[in-house]
Amino acid sequence: MQDLKKLLAQAESDSDYREILWRLRWSSGFHCPRCDHDRAYHLPRRELYECKLCGLQSSATSGTFLHGVRNLRGWVEAILSLFEIDGRTAVSMAIRLDRGYATAWFMMHKIRLVLYEALVRGEGDLEISCDLLKTALFKASSETMYVSPEETPSDLRSHEVAQLVPELVAFLVGIYKGVSRKYAQLYITEFSFRRQTCRFDPLNLLSCFVRGRALSRAKLRAYSAPYIMRLSGST
Ligand SMILES: [Zn+2]
C-alpha cells in the first residue's frame, strides 16, 4: 500500500492512474470478472488483460463505475477533490479540467452517486425530512418528485437531526447557493463524506470506484431523491 501511495503522489498520466486503479481493483491479484480465473495475458498496447481460461478482455475499469471513462486523470482529480476544504461546484470543476459544464456536472454527480452507494447503509443513518431543508432546496426539475408526505422520519434521533440541519443548510447554500430537490440526496451524501474524511484515505476512496457497474447519464437523469433523505456516519 505504501508504494501505491507513492505512485499516486507522483502520478501524472492516464496510464499511471490506470495502473493505480488496476492495483486497487485486483489488490490480491487478477481475477477474471466472468469466470474468476486468476491467470491472464497482459496486452500492454491496449492496457488490457485477457483471461487465459475464457478469453474475456478486461481493463482496470471495465465493468466498474469508471467503465468507459476517458480522461482518467481528470476523474481521479475530481474524486480526490472531495478531500479539499471547499466543495467543488460543476462550474469550478469544468474550469479546472477544461471541460464543458455538462460533462463536469455529470462527473460530479456520478461521483456523489458512487459515494451514496458506498456510504449510505440504511442502519445507523440519520433520516432528514425534505421539509427541514426547504431553505436550501429549489425545484430544478418539472419531473414528478418522489414525494410521500405521510412518511415521517423516526424521531428517535431527532436531537441529532436538529443539531445537524443548520450545518447542512449552510453547506448547501454556502457552496452551491442551494441545490435542486431532485438531486438533494447526492449533495447530502457529499456533506456526509466531508464530515468523515478522516475515516478515508485517497486510495480507500478510489477503491470504491473500481467496484460496482457502469453508471450511465440516463441513470442519473432518472434519479430522484426520496422524501426522507439519509445522512450517514453521523456518530
Ligand atoms: Zn475468464
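Owing to the predicted nature of the structure, the values given are computational and were not obtained by experimental measurement.

K.L.:
Looking at this model, I keep getting lost on the overall build of the protein chain. Mind explaining?
P.N.:
A count of helical and extended segments in the protein chain gives 9 helices and 7 strands. Buried positions account for 47% of the 235 residues belonging to the protein chain. Accessible surface for the protein chain amounts to roughly 12400 Å². Of this, 50% is attributable to carbon and sulfur atoms.

K.L.:
Hey, could you run me through the nonpolar core in this one?
P.N.:
The nonpolar side chains of soluble globular proteins are, as a tendency, buried together. In terms of nonpolar packing, the biggest core is built from 76 residues, with Ile-111 and Leu-133 touching the most fellow members. Looking at which element gives the most residues to this core, the answer is helix α5 (residues 101–119), with 11 residues. Both of domain 1 (1–60) and domain 2 (68–231) provide at least three residues apiece to this core. What Ile-111 contacts, discounting residues up to four positions off in sequence, is Trp-75, Ala-78, Ile-79, Leu-82 and Phe-209.

K.L.:
So what exactly am I meant to see when it comes to the sheet that holds strand β2 (residues 48–51) here?
P.N.:
Paired through their backbone hydrogen bonds, the strands of a sheet run either parallel or antiparallel. If you trace the 3 strands from one edge of the open sheet to the other, you get β1-β2-β3, paired in antiparallel fashion. Edge positions in the sheet fall to β1 (40–43) and β3 (57–58), since each has one partner strand and no second. Taken together, the 2 bridges between β2 and β3 define a ladder with antiparallel strand orientation. Opposite Glu-50, over in β3, you have Gln-57 as the bridge partner.

K.L.:
Where do I start with the coordination of the zinc ion in this structure?
P.N.:
Reference values for angles at a metal are 109.5 degrees in the four-donor tetrahedral case and 90 or 180 degrees in the six-donor octahedral case. Around the zinc ion, the protein contributes the donor atoms Cys-32 (SG), Cys-35 (SG), Cys-51 (SG) and Cys-54 (SG), which lie 2.3 to 2.4 Å from the metal centre. Of note is the zinc ion, whose 4 donor atoms meet at the metal with angles of 101 to 117 degrees in an arrangement that counts as tetrahedral.

K.L.:
Help me understand helix α2 (residues 14–25), please; the structure alone is not making it clear to me.
P.N.:
Since there are 3.6 residues in each turn of an α-helix, residues three or four apart along the chain are aligned in direction. With 12 residues, α2 extends 16 Å between its outermost C-alpha atoms, agreeing within 8% with the 16 Å of an ideal straight helix rising 1.5 Å per residue. For α2, the secondary structure elements touched by its buried residues are α1 (2–10), β2, α3 (72–80) and α8 (202–207).

K.L.:
Looking at this model, I keep getting lost on a nonpolar patch on the surface. Mind explaining?
P.N.:
Judged by side-chain polarity, Val-91, Ile-95 and Tyr-101 come together as a nonpolar surface patch covering roughly 340 Å² of accessible area. Relative to the helices and strands, Ile-95 resides in helix α4 (residues 90–97).

K.L.:
Can you walk me through the pattern of salt bridges in this structure?
P.N.:
Pairing between side chains of opposite charge can happen when the charged atoms of each approach one another. Inspection of the entire model under this criterion finds 11 salt bridges. With a closest N to O distance of 2.8 Å, Glu-47 and Arg-18 form a salt bridge. Of the two residues, Glu-47 sits in the loop between β1 and β2 while Arg-18 sits in helix α2, which places them 29 residues apart along the sequence. For Glu-47, a relative accessible area of 29% corresponds to the partly exposed category. Glu-117 is paired through a salt bridge with Arg-213; the nearest N and O atoms lie 3.4 Å apart. Of this pair, Glu-117 sits in helix α5 while Arg-213 sits in the loop between α8 and α9 (217–222); the two residues are 96 residues apart in sequence, bridging distant segments of the chain.

K.L.:
How should the packing of aromatic side chains be read in this particular structure?
P.N.:
Note on aromatic pairs: each is described by the distance of the centres and the angle between the planes. Under the criterion given, the structure shown has 12 aromatic pairs. Summarising the aromatic geometry, the rings of Trp-26 and Phe-30 are spaced 4.9 Å apart at their centres and angled 55 degrees between planes, so their arrangement reads as tilted. Relative accessible area serves as the criterion here: at 8%, Trp-26 is assigned to the buried category. Members of the aromatic cluster, joined through ring pairs, are Trp-22, Trp-26, Phe-30 and Tyr-49.

K.L.:
Hey, could you run me through the packing of α5 against helix α7 (residues 184–195) in this one?
P.N.:
Pairs of packed helices are described in terms of their axes, by the angle between the two and the distance that separates them. Look at α5 against α7: their axes get within 9 Å of each other, and the N-to-C directions meet at 65 degrees. Between α5 and α7, the crossing angle belongs to the class labelled roughly perpendicular. Between α5 and α7 lies a crossing whose hand is left-handed. Counting all contacts with α5, which are made through His-109, Arg-112, Leu-113, Leu-115, Tyr-116 and Leu-119, the residues of α7 involved are Gln-185, Leu-186, Tyr-187, Thr-189, Glu-190, Ser-192 and Phe-193.

K.L.:
Quick question: what am I supposed to make of the side chain of Arg-112 here?
P.N.:
Position of Arg-112 among the secondary structure elements: in helix α5. Overall, the relative accessible area of 4% leaves Arg-112 in the buried class. Once residues lying within four places of it in the same chain are set aside, the contact partners of Arg-112 are Arg-88, Tyr-176, Leu-186, Tyr-187, Thr-189 and Glu-190.

K.L.:
Before we go on, may I ask you to explain the environment of Gly-212 in this structure?
P.N.:
Here Gly-212 shows up in the loop between α8 and α9. By relative accessible area, Gly-212 is classed as partly exposed at 45%. For the pair formed by Gly-212 and His-67, sequence separation is 145 residues and the distance between their alpha carbons is 9.7 Å. Setting aside residues up to four positions removed in sequence, Gly-212 forms contacts with Gly-63, Thr-64 and Phe-65.

Calculation criteria
- Residues numbered from 1 in each chain as written.
- Predicted model: local features only at pLDDT ≥ 70, side-chain atom pairs only at ≥ 80, totals over all residues.
- Heavy atoms only, no water.
- Helix = DSSP H or I, 4+ residues; strand = E, 2+ residues; numbered from the N terminus.
- Buried < 20%, exposed > 50% of the residue type's maximum accessible area, 1.4 Å probe, protein only.
- Areas by Shrake-Rupley, 256 points an atom, 1.4 Å probe, with all protein chains shown as cover.
- Core = buried A, V, L, I, M, F, W, Y, C linked by side-chain atoms within 4.5 Å.
- Domains from an automatic or database assignment.
- Contact = heavy atoms within 4.5 Å.
- Pairing = 2+ DSSP bridges.
- Donors = N, O, S within 2.8 Å, 3.2 Å for Na, K, Ca; no water.
- Tetrahedral: all angles 85-135°; square planar, octahedral: opposite > 155°, others 65-115°.
- Expected span 1.5 Å × (residues − 1).
- Patch = residues over 30% accessible without salt bridge, like charges linked within 9 Å, V, L, I, M, F, W, Y side chains within 5 Å.
- Salt bridge = Lys/Arg side-chain N within 4 Å of Asp/Glu carboxyl O.
- Phe/Tyr/Trp six-rings, centres within 6.5 Å; stacked < 30°, edge-to-face > 60°.
- Axes fitted to C-alpha atoms, helices over the stretch in contact; angles between N-to-C directions.
- Parallel < 35°, antiparallel > 145°, perpendicular 65-115°, else oblique.
- Left-handed = near helix turned anticlockwise from the far one by under 90°.

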